[in-house]
Amino acid sequence: SGSGKTKLAEAFVKWICANEEQYKLVPVGADWTNREPLLGYVNALNNSEDMLPENGALQLLIRANENLKKPYFLILDEMNLSHVERYFADFLSVMESKDKFKLHSSKSNLNIIDEDKYAESIEVPSTLNWPKNLFVVGTVNIDETTYMFSPKVLDRANVIEFRVNETEIKDFLNAGKEITSLAKMGAAMGNSFVDISKNNKNESDFNNLNIELLEFFAALQKLGSEFGYRTASEIQTLFSKIDLVNPAYSDKENEKIDIAIMQKLLPKLHGSRRKLLETLNLLAQKCLTKEQEI
């Protein structure tokens, strides 16, 4: 907590977005038990009216579908204050099935402008695609007030852990730096950002990675902690994109594999020391080089 997770996500989207309509920062509430806080609901007293969420999440989804070349970002702050599977179920399902969001059963759009009633609103279609240019960022803290993520959520995400080391906190205490505005400075890269995210992975570069993953799988399977197809595919995608984020990793294959294991496999391990010790010892042994073993 307080390490800058939300601020980093917010700074990035302000940097790459041309206007504020391309992103929404949505605080998740502990009382979120269904899809309504993100996708709204039909007015029970007037079935031609869709009650849009005040946080703007549905409006963002609609705008992303209308302009597929620009990136759009949904930032869910304190994402695990409620059970993610409850309010985010539609998103998790559509990510996997490539199906559409089902918003209402009317054949025509809701909130169609009738005089001035919906002048400040937005039309809501019955279904919406999951647009390839919509990116979801969640920030979480793990403590006694929050909920752990299920494998179905972790399979669809890359987990980055934030920790502040002694040097960083010392620099901050001695001379805290003022944050300058980065708004729209990277807006010209927005279209390229979307294009890069759609590029297929180059499978010819996965030979060593695949060998390592097979070894991890075989070892983890003996303990009942193996991973599935989705995790393997996501690891390959992550592995193929790291060079684009930081070219310094282009010749550091082992480091890239380490990052993939940390972001995709380790977050799925949680429980008591007795339950985890054997699995963690096995993973640690797999990460040792021959020189270290000697």
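Conventions used here
- Residues numbered from 1 in each chain as written.
- Predicted model: local features only at pLDDT ≥ 70, side-chain atom pairs only at ≥ 80, totals over all residues.
- Heavy atoms only, no water.
- Helix = DSSP H or I, 4+ residues; strand = E, 2+ residues; numbered from the N terminus.
- Buried < 20%, exposed > 50% of the residue type's maximum accessible area, 1.4 Å probe, protein only.
- Contact = heavy atoms within 4.5 Å.
- Areas by Shrake-Rupley, 256 points an atom, 1.4 Å probe, with all protein chains shown as cover.
- 1 Å grid on protein atoms, 1.4 Å probe; cavity = no way out; pocket = protein on both sides within 12 Å on 5 of 7 lines; lining within 4 Å.
- Points joined across faces, edges and corners; volume = space filled by probe spheres on them.
- Nonpolar A, V, L, I, M, F, W, Y, C, P; charged D, E, K, R; others polar.
- Salt bridge = Lys/Arg side-chain N within 4 Å of Asp/Glu carboxyl O.
- Patch = residues over 30% accessible without salt bridge, like charges linked within 9 Å, V, L, I, M, F, W, Y side chains within 5 Å.
- Core = buried A, V, L, I, M, F, W, Y, C linked by side-chain atoms within 4.5 Å.
- Pairing = 2+ DSSP bridges.

## Focus on the overall build of the protein
Here is step 1 of the chain: Scanning the protein for helices and strands turns up 13 helices and seven strands.
Here is step 2 of the chain: Principal axes of the C-alpha set define a box for the protein whose edges measure 80 × 50 × 45 Å.
Here is step 3 of the chain: Looking at the 294 residues of the protein, the share that counts as buried comes to 33%.
Here is step 4 of the chain: Restricting to contacts in the protein with at least 6 residues of sequence separation, those with at least 24 account for 74%.
Here is step 5 of the chain: As presented, the protein carries roughly 18600 Å² of accessible surface, and 51% of it is formed by carbon and sulfur atoms.

## Observations concerning the layout of surface pockets
Here is step 1 of the chain: Its boundaries defined by the atoms lining it, the second largest pocket holds a volume of some 740 Å³.
Here is step 2 of the chain: Lining the second largest pocket are 17 residues, with Ser3, Gly4, Val164, Glu168 and Phe172 sitting closest to its centre.
Here is step 3 of the chain: Within the lining of the second largest pocket, the residues separate by chemical class into eight nonpolar, five polar and four charged.

## Considerations on the side chain of Asn80
Here is step 1 of the chain: The residue Asn80 is located in the loop between β4 (72-77) and α4 (84-87) in this model.
Here is step 2 of the chain: Setting aside residues no more than four positions away along its own chain, Asn80 makes contact with Val140, Asn141, Ile142, Thr146, Tyr147 and Phe149.

## Structural notes on the pattern of salt bridges
Here is step 1 of the chain: Going through the model one piece at a time under the given rule, you end up with nine salt bridges.
Here is step 2 of the chain: With a shortest N-O distance of 3.5 Å, Glu10 and Lys14 are connected by a salt bridge. One end of the pair, Glu10, and the other, Lys14, are both in helix α1 (residues 5-16), four residues apart, so they sit about a helical turn from each other.
Here is step 3 of the chain: What makes Lys14 partly exposed here is its relative accessible area of 34%.

## Brief notes about helix α3 (residues 57-66)
Here is step 1 of the chain: For α3, the tally of buried residues reaches eight of ten residues, placing the bulk of the element in the interior.
Here is step 2 of the chain: Residues Ala57, Leu58, Gln59, Leu60, Leu61, Ile62, Arg63 and Ala64 constitute the buried set of α3.

## Quick word on a nonpolar patch on the surface
Here is step 1 of the chain: On the surface, Val164, Ile169, Phe172 and Leu173 cluster together into a nonpolar patch covering about 420 Å² of accessible area.
Here is step 2 of the chain: Within the secondary structure, Ile169 is located in helix α7 (residues 166-174).
Here is step 3 of the chain: Under the relative-accessibility criterion, Ile169 is labelled partly exposed at 40%.

## Brief notes about the nonpolar core
Here is step 1 of the chain: Grouped together as the largest cluster of nonpolar side chains are 30 residues, with contacts concentrated most on Leu38, Leu39, Leu58, Leu76, Tyr87, Phe88 and Phe101.
Here is step 2 of the chain: Sorting elements by how many residues they give to this core places α3 first, with six residues.
Here is step 3 of the chain: What Leu76 contacts, discounting residues up to four positions off in sequence, is Val26, Val28, Leu38, Tyr87, Phe88, Val136, Val137, Gly138 and Thr139.
Here is step 4 of the chain: In this structure, Leu213, Leu238, Phe239 and Leu265 belong to the second largest nonpolar core, which totals 18 residues.

## Comments concerning the pairing of β4
Moving residue by residue along a regular strand, the side chains alternate between the two faces of the sheet.
Here is step 1 of the chain: Burial analysis of β4 places six of its six residues in the buried class, which makes it a mostly covered element.
Here is step 2 of the chain: Residues of β4 alternate between two faces, with Tyr72, Leu74 and Leu76 on one and Phe73, Ile75 and Asp77 on the opposite face, all of them buried.
Here is step 3 of the chain: Relative to β4, strand β1 (residues 23-27) runs parallel, the two being bridged by five bridges. Along β4, the bridge assignment pairs Lys24 with Leu74.
Here is step 4 of the chain: The sheet contact formed by β4 and strand β7 (residues 134-138) spans five bridges and is parallel. By the bridge assignment for β7, Leu74 is matched with Val136.

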